[in-house]
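Chain by chain, the residues:
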Amino acid sequence: MAFSRRRHHHYSRRRWLIPAISAAFGFLLIFIFFLSILAPSPNGNRLFHLPRRRSSGDNDADNEIEDSQSHVPAGSGGVSDRDIWSSRNSKFFYGCSNASNEFLKAQDITHPNRYLSIVTSGGLNQQRTGITDAVVAARILNATLVVPKLDKSSYWKDSSGFSDIFDVDWFIKYLAKDVSIVKELPLRRGQIWSPYRMRVPRKCTDRCYINRVLPVLNKKHAVQITKFDYRLANKLDTDLQKLRCRVNYHSLKFADPILRMGEKLVQRMRMRSSHFIALHLRFEPDMLAFSGCYYGGGDKERRELGKIRKKWKTLHDSDPDKARRHGRCPLTPEEVGLMLRSLGYGEDVHIYVASGEIYGGEETLTPLKALFPNFHTKDTLATKDELEPFSAFSSRMAALDFIVCDESDVFVTNNHGNMAKILAGRRRYFGHKPTIRPNGRKLYRLFLNRNYMTEKEFVYRVGKYQRGFMGEPKEVGPSWGVFHENPSSCICEKVDNATVEISHSTSRLETSPKVTSNDYDTDISENPELDMLLSD
């Protein structure tokens, strides 16, 4: 009897235990099911199946690059209700560089026995900054400027002279009221006059020129300043800043052969599409070597770029990961393409790529061409015979790219070099045409963590991070950057039928609402965990 009661007791416990276990197991299955729905899959929800860039510390053998097929939604855009071909409020701003009434004519201030000569440094756009600053330096010294001599011995080894690149007669004539300019030093006692050679420090102020150069100029009467790049201070008197703008944006007209060929390239782009993007890709071996960045090419890449890097004696050892974190590395061609697609530029958009030899060749360009099949360069738009007069001269080829980039509806720069700065400033001056600068610091982390977000989240964040990097009026302050990139003293604003300079105005933009959630897709909710992952 006791045995029977014990058996009945155990049976009762089992009878209640089994349903409890079943219920718990059911709840567990339901929990796992909902978790699988809510949690984003690292692979299943990826917007773009990109090859992940490896860090410099990765084991190359363990990091084979996966298939880089890009899945891009048609018509996606990072910022809602944005005209992708123009800048907001640009109609209220325009370039203004006329001299004030207090700015005396050159004939009234130029000393008859003072001649300033300069030798530029670097490639086309670095030389352009040197020429611009040389005119202002001559004005500060009340000296006659000898037409600048271009660098023929640097990395580019281009033998072109000033008149091969620019219209020298126009240069002299346009600036005649501001600075006296001659093509060559006059003879001295019937013989060629050799000027006294000297150097000045970088960012030398007007007071610096008066103290350092003027005493020598008064004694020697002809001075040549060598390595003349960024040898003038960023901040100067307003009239001198406006003179910089007159030189850079009006007096430096390309020589006729370059101008005609450049206009042909622009015309051929316009025949293909009413709007086009110009992309200064800057993914050449020298750029990558100089930046000290690493793109996952293993020992071969380190060896090849390291060899080029040794040409710059003053460069320190590079830290590729640090450079990338700080946004100093150019995006890969594919990453640039993905950024543009996320900003709303579809695969039907025509792109002109200004670039030299791309590191990695066609293999590197293939993903960008897949994103934008209408892919053009000067080599695809012009015949070999048409380009033959320019092809042996890097500065003349760069001038052709400069013209197309300047005339494009949207200019995209992939680095912070001289061409990017010059064109950004020029496009601000001539109507704030859209100029997109990748926010490298933020986009680096976004691409690094792209596996952990949805397609919509990625697009939203590209748009969010690019605000302030799109070439809009007043997206940067008057004192931001170098003057050639942000010529604030030369940009005026229309306010209530009056004209004021940006730096002194109480702008309608300054009192307008700041960026709000309405500027973005409201369907995207903030993700604190993802924000932490993408933070600096």
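Residues numbered from 1 in each chain as written. Predicted model: local features only at pLDDT ≥ 70, side-chain atom pairs only at ≥ 80, totals over all residues. Heavy atoms only, no water.

Peer 1: Before we go on, may I ask you to explain the overall build of the protein in this structure?
Peer 2: Each helix and strand counted, the protein has 21 helices and 13 strands in total. The 536 residues of the protein split such that 51% are buried. In the protein, 79% of the contacts between residues at least 6 apart in sequence involve partners at least 24 apart. Element-wise, carbon and sulfur atoms account for 52% of the exposed surface of the protein, whose accessible area totals about 27100 Å². (Helix = DSSP H or I, 4+ residues; strand = E, 2+ residues; numbered from the N terminus. Buried < 20%, exposed > 50% of the residue type's maximum accessible area, 1.4 Å probe, protein only. Contact = heavy atoms within 4.5 Å. Areas by Shrake-Rupley, 256 points an atom, 1.4 Å probe, with all protein chains shown as cover.)

Peer 1: Can you help me understand unusual backbone geometry in this one?
Peer 2: Most of the time, phi is negative for any residue but glycine, and the peptide bond is trans. We note that tyrosine 230 has phi near 50°; this positive angle belongs to a residue other than glycine. As for its position among the elements, tyrosine 230 is in the loop between β6 (222-228) and α8 (238-251). Classification of tyrosine 230 by relative accessible area gives buried; the value is 16%. Even without being glycine, lysine 474 reaches a positive phi, approximately 60°. When you line up the elements, lysine 474 lands in the loop between α20 (455-466) and β12 (491-495). Relative accessible area serves as the criterion here: at 24%, lysine 474 is assigned to the partly exposed category.

Peer 1: Please clarify how the pattern of salt bridges should be interpreted in this entry.
Peer 2: Working definition: two side chains of opposite charge can pair if their charged atoms are close together. This model, assessed by the stated rule, comprises 21 salt bridges. Salt-bridge contacts for aspartate 401 lead to lysine 378; the nearest nitrogen and oxygen are separated by 2.8 Å. You can see aspartate 401 sitting in helix α17 (residues 394-407) and its partner lysine 378 sitting in helix α15 (residues 378-381), a full 23 residues away along the chain. Neither aspartate 401 nor lysine 378 differs from the other in exposure class; each is buried. Residue aspartate 406 pairs with arginine 426 through a salt bridge whose shortest N-O separation is 2.8 Å. Separated by 20 residues along the polypeptide, aspartate 406 in helix α17 and arginine 426 in helix α18 (residues 418-429) bring together distant segments of the chain. (Salt bridge = Lys/Arg side-chain N within 4 Å of Asp/Glu carboxyl O.)

Peer 1: Teacher, can you tell me more about the side chain of glutamate 301 here?
Peer 2: Structurally, glutamate 301 is set in helix α11 (residues 298-309). Given a relative accessible area of 4%, glutamate 301 falls into the buried group. A distance of 2.7 Å separates a polar side-chain atom of glutamate 301 from the backbone nitrogen of glycine 297. Once residues lying within four places of it in the same chain are set aside, the contact partners of glutamate 301 are Cys293, Tyr294, Tyr295, Gly296, Gly306 and Tyr359. (Polar contact = N/O pair within 3.5 Å; in protein donor to acceptor, adjacent residues only side chain to side chain.)

Peer 1: What's the story with the sheet that holds strand β8 (residues 350-354) in this structure? I'm lost.
Peer 2: The strands that make up a sheet pair up through hydrogen bonds in the backbone, lying either parallel or antiparallel. Across the sheet, which stays open at both edges, the five strands sit in the order β9-β8-β7-β10-β11 with parallel pairing between neighbours. Each edge of the sheet is formed by a strand with only one pairing partner; in this case those strands are β9 (375-376) and β11 (435-436). Inspection of the sheet shows β8 paired to β9 by two bridges, in the parallel sense. Bridge pairing links tyrosine 352 to histidine 376 in β9. (Pairing = 2+ DSSP bridges.)

Peer 1: What should I look at first to understand α11 in this one?
Peer 2: Given 3.6 residues per turn, any residue in an α-helix points the same way as the ones three and four places further on. Along its 12 residues, α11 runs 16 Å from first to last C-alpha, staying within 8% of the 16 Å computed at 1.5 Å per residue. Buried residues of α11: Gly298, Glu301, Leu305, Ile308 and Arg309, and no others. Angular distribution of buried residues about the axis of α11 spans 100°; they occupy a single face of the element. Projecting away from the buried face of α11 at angles above 90 degrees are the exposed residues Asp299, Arg303 and Lys307. Lining the buried residues of α11 we find α10 (285-291). (Expected span 1.5 Å × (residues − 1). Arc of directions from axis to C-beta.)

Peer 1: Honestly, the environment of serine 391 in this entry has me stumped. Any pointers?
Peer 2: With respect to the element layout, serine 391 can be found in helix α16 (residues 384-391). Judged by relative accessible area, serine 391 falls into the partly exposed class, the value being 45%. A polar side-chain atom of serine 391 sits 3.3 Å from the main-chain carbonyl oxygen of glutamate 388.

Peer 1: How should the confidence of the model for the protein be read in this particular structure?
Peer 2: Regions with low pLDDT should not have their predicted coordinates read in detail. In this model, the protein carries an average pLDDT of 82, and 77% of its residues clear a pLDDT of 70 or more. Note that pLDDT drops below 50 for residues 32-71; the model gives that stretch 78 contacts with residues more than four away or on any other chain. (pLDDT = per-residue confidence, 0-100.)

Peer 1: Got a minute to help me understand the sheet that holds strand β5 (residues 196-198) in this structure?
Peer 2: Ordered in space as β4-β3-β2-β6-β5, the five strands form an open sheet in which the pairing is parallel. Bordering the open sheet on either side are β4 (181-182) and β5, each of which pairs with just one other strand. Pairing analysis gives three bridges linking β5 to β6, with the strands arranged parallel. Looking across to β6, one finds that arginine 197 is bridged to glutamine 224. Relative to strand β2 (residues 115-120), helix α3 (residues 124-140) is tilted by about 165°, and along the sheet it contacts β2, β3 (144-146) and β6. (Axes fitted to C-alpha atoms, helices over the stretch in contact; angles between N-to-C directions.)

Peer 1: I keep staring at the state of the cysteines and nothing clicks. Help me out?
Peer 2: If you walk through the whole model with that rule in mind, you get four disulfides. Between the sulfur atoms of cysteine 245 and its disulfide mate cysteine 490 the distance is 2.0 Å. Across the S-S bond of cysteine 245 and cysteine 490 the torsion is about 95°, and the bridge reads as right-handed. Placement of the pair is cysteine 245 in helix α8 and cysteine 490 in the loop between α20 and β12, with a sequence separation of 245 residues. Relative accessible area serves as the criterion here: at 1%, cysteine 245 is assigned to the buried category. Cysteine 490 sits in the buried class, given a relative accessible area of 0%. The disulfide partner of cysteine 293 is cysteine 329, and the gap between their sulfur atoms is 1.9 Å. Residues cysteine 293 and cysteine 329 share a disulfide whose torsion about the S-S bond is about -95°; that sign makes it left-handed. With cysteine 293 in the loop between α10 and α11 and cysteine 329 in the loop between α12 (320-325) and α13 (333-342), this pair connects stretches of sequence that are 36 residues apart. With cysteine numbering restricted to those in disulfides and following the sequence, the protein has the pairing 1-8, 2-3, 4-7, 5-6. (Disulfide = S-S within 2.5 Å.)

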